[in-house]
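Letter by letter, the chains look like this.
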Amino acid sequence: MKELTHWINGKHVKGGSGRFADVYNPATGEVQARLPLASVAELNAAVEAAAAAQPAWAATNPQRRARVMMKFGALINEHMDELAQLVSVEHGKTLPDARGDVQRGLEVVEVCMGAPAMLKGEFTDNGGPGIDLYSMRQALGVVAGITPFNFPAMIPLWKMAPALACGNAMILKPSERTPSTSLRLAELLQEAGLPDGVLQVVNGDKEAVDAILDNETIQAVGFVGSTPIAQYIYGRACANGKRAQCFGGAKNHMIIMPDADMDKAADALVGAGYGAAGERCMAISVAVPVGDKTADALIERLIPKIEKLKVGPYTAGEDVDFGPLITKASHDRVKSLIASGVDQGAKLVLDGRDLKIQGYENGFFVGPTLFDNVTPDMEIYKQEIFGPVLSTVRTQSYEEALSLVVDNEYGNGTAIYTADGDTARDFASRVNVGMVGINFPIPVPLSYYTFGGWKKSAFGDLNQYGPDAFRFYTKTKTVTARWFSGIKDGAALNFKAMD
Ligand code: NAD
């Protein structure tokens, strides 16, 4: 059995705790590797070494740090297929989708090539007689990133690229289900010129996460994962005086107005609902047609498109639309949620529970599932299913549809399909969700904007990547400077305003 490692001080290091997690191939259901789970002592030692390496990295001029990002970006491009393969074999997503996972992470690295411009401070000449004020952005020190299974390349890159470009050292704790991509990215960063110790990949579970949260050297924690864990990590990190941004789960709705192009709306729902087996925080899991005629027309178009979807292992290449779920537990949970939808009175239009793929009978596959007549009191509406299940909630007016989105506890992404600019503008302005698509189903902003949800989809006050990331990973120091030549006054003891 292959045994994975940690990445400490520029080397692969065997785990020393004696505890391991199984890493599965979700398409076959087989264990393909065991992953060491770090102890508190291993985590603390990695932090200590990172703290020793960080000052020299922070003192490296920002343009040189940016050049490491340039080289890193080139290496990611060069190794794109290899990285995609690593993503697919542990996650199960298709190779084209895995390339997208790497690509959307690479785009954040590209923005970090311009980090020096983002790190410039402010200056006021002559704020008082002979007095200048300036502020500078300085690295925090050692920071931590804790990432989920579903984007094994993209989200670690969203964390490490801005944190490192700002001059921090990072402890990255990737998901124990999809760790190999992070280990490979660490090797590529070393090849790009990152000094050893500045990025430590520490594999682990709750024990390592709690050790991160309680470690006094770690200054900030960037987390992405499910809402209960996001809320827990935010609370404990803040209680320990750390800066924290914790992104959580989602229940993303798409409103379909009667004037929408129904074919385009149906295509968008198929891609956004079933892509990556629905295991995306920006997946659309609720279709909200306005009016029964709209709902009927939409369902009529959805059925043949969904029936055509091909589910299978990533090794089938371009010949498969989505793959398995991540674990047996997740597979069983999704199936039991489908059963609960039936029990609670939703209309099961397409049932993916009986899907069997020849040669992959033990894989964690669930076929595409479509519900109609879902109501907000049902479990399939209330829970983030994180599987290939699309629920249709019928509404009778735009206001009713909007209220559904507004009243939902999550606020990650949402979309509206309409031909009417006024309705679209009204929606974008009034909806309490962080990322909004207008005739666009998965509105993940480009890397020079920022990514973040509202309500229970995010805890903390700054978004991921883009300008917010440079604020999150630096602290501001403001200097008021006076040079005494020509100033003959004695000491001024009062706390006075500028003359
Ligand atoms: P998860 O919450 O189970 O795990 C995320 C991380 O937290 C992992 O590194 C894991 O090791 C750690 N963790 C898990 N349980 C823990 C515990 N009890 N104490 C401390 N740490 C713990 O999430 P997941 O299943 O890996 O990912 C799927 C979830 O992530 C979904 O809810 C999805 O919506 C969300 N997600 C959100 C975003 C976003 O940007 N908002 C992006 C991607 C995924």
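Everything numeric in this text was worked out from a predicted model, so none of it was measured. Per chain, residues are indexed from 1 in the order of the written sequence. The predicted origin of the model limits local features to residues at a pLDDT of at least 70 and limits the giving and counting of side-chain atom pairs to 80 or more, whereas totals for whole chains, interfaces and linings rest on all residues. Computation of side-chain values: all heavy atoms of the structure, hydrogens and water removed.

Peer 1: Kindly report on the site of the ligand, identifying the contributing residues and their values.
Peer 2: One heavy atom within 4 Å of a molecule or strand is enough for the residue carrying it to be called near that molecule or strand. Taken together, 28 residues lie around the ligand, and T147, K173, E176, S226 and E384 are the ones closest in. Within the backbone of F149, an N or O atom sits 3.0 Å from an oxygen atom of the ligand. Between the ligand and Q464, the relevant distance is 3.5 Å, taken from an oxygen atom to a side-chain nitrogen or oxygen of the residue. Here the accessible surface of atoms and residues is derived via Shrake-Rupley with a 1.4 Å probe, and residues count as covered only by protein chains that are part of the display. Expressed as a share of its isolated accessible area of 840 Å², the protein-covered part of the ligand is 89%. A pocket, in this scheme, is an open set of points on a 1 Å grid over the protein atoms alone with protein on both sides within 12 Å along at least 5 of 7 lines, while a cavity is a set where a 1.4 Å probe fits but cannot get out; residues line either one if an atom lies within 4 Å of a point. If over half the atoms of a molecule are within 2 Å of the grid points of a cavity or pocket, the molecule is regarded as sitting in it. Given that more than half its atoms are within 2 Å of the pocket grid, the ligand belongs to the largest pocket. Elements that contribute at least two residues to the shell around the ligand include exactly α8 (206–214), β11 (218–224) and α9 (227–239). Each residue receives one of three labels: charged for Asp, Glu, Lys and Arg, nonpolar for Ala, Val, Leu, Ile, Met, Phe, Trp, Tyr, Cys and Pro, and polar for the others, Gly being one of them. Its residues assigned to classes, the shell around the ligand shows 14 nonpolar, 9 polar and 5 charged. Each domain's limits were defined by an automated method or a database of domain assignments. Shared between two domains, the shell around the ligand takes at least three residues from each, and those domains are domain 1 (2–248 + 457–479) and domain 2 (252–438). Contacts described as polar in this section are N or O atom pairs within 3.5 Å, which, within protein, must combine one atom able to donate a hydrogen with one able to accept it, while residues neighboring in sequence count only if both atoms come from side chains. Only DSSP runs of H or I reaching four residues or more are called helices, and only runs of E reaching two or more are called strands; each is numbered from the N terminus.

Peer 1: Pulling in residues and values, what's your account of the packing of helix α2 (residues 62–78) against helix α6 (residues 154–165)?
Peer 2: Here the axes come from fitting lines to C-alpha atoms, over the contacting stretch only for helices, and the angles between their N-to-C directions go from 0 to 180 degrees. At their nearest, the axes of α2 and α6 sit 9 Å apart, and the two run at 155° to each other. Here α2 is positioned roughly antiparallel relative to α6, judged by the angle of their axes. Taking contact as the criterion, the partners of R65, M69, F72 and I76 in α2 are, on α6, L157, M160, A161, L164 and A165. Grouping the amino acids of the contact of α2 with α6 by side-chain chemistry returns 8 nonpolar, no polar and 1 charged. By the definition adopted for this analysis, an angle is roughly parallel if under 35 degrees, roughly antiparallel if over 145, roughly perpendicular if from 65 to 115, and oblique otherwise. Any two residues having at least one pair of non-hydrogen atoms within 4.5 Å are treated as being in contact.

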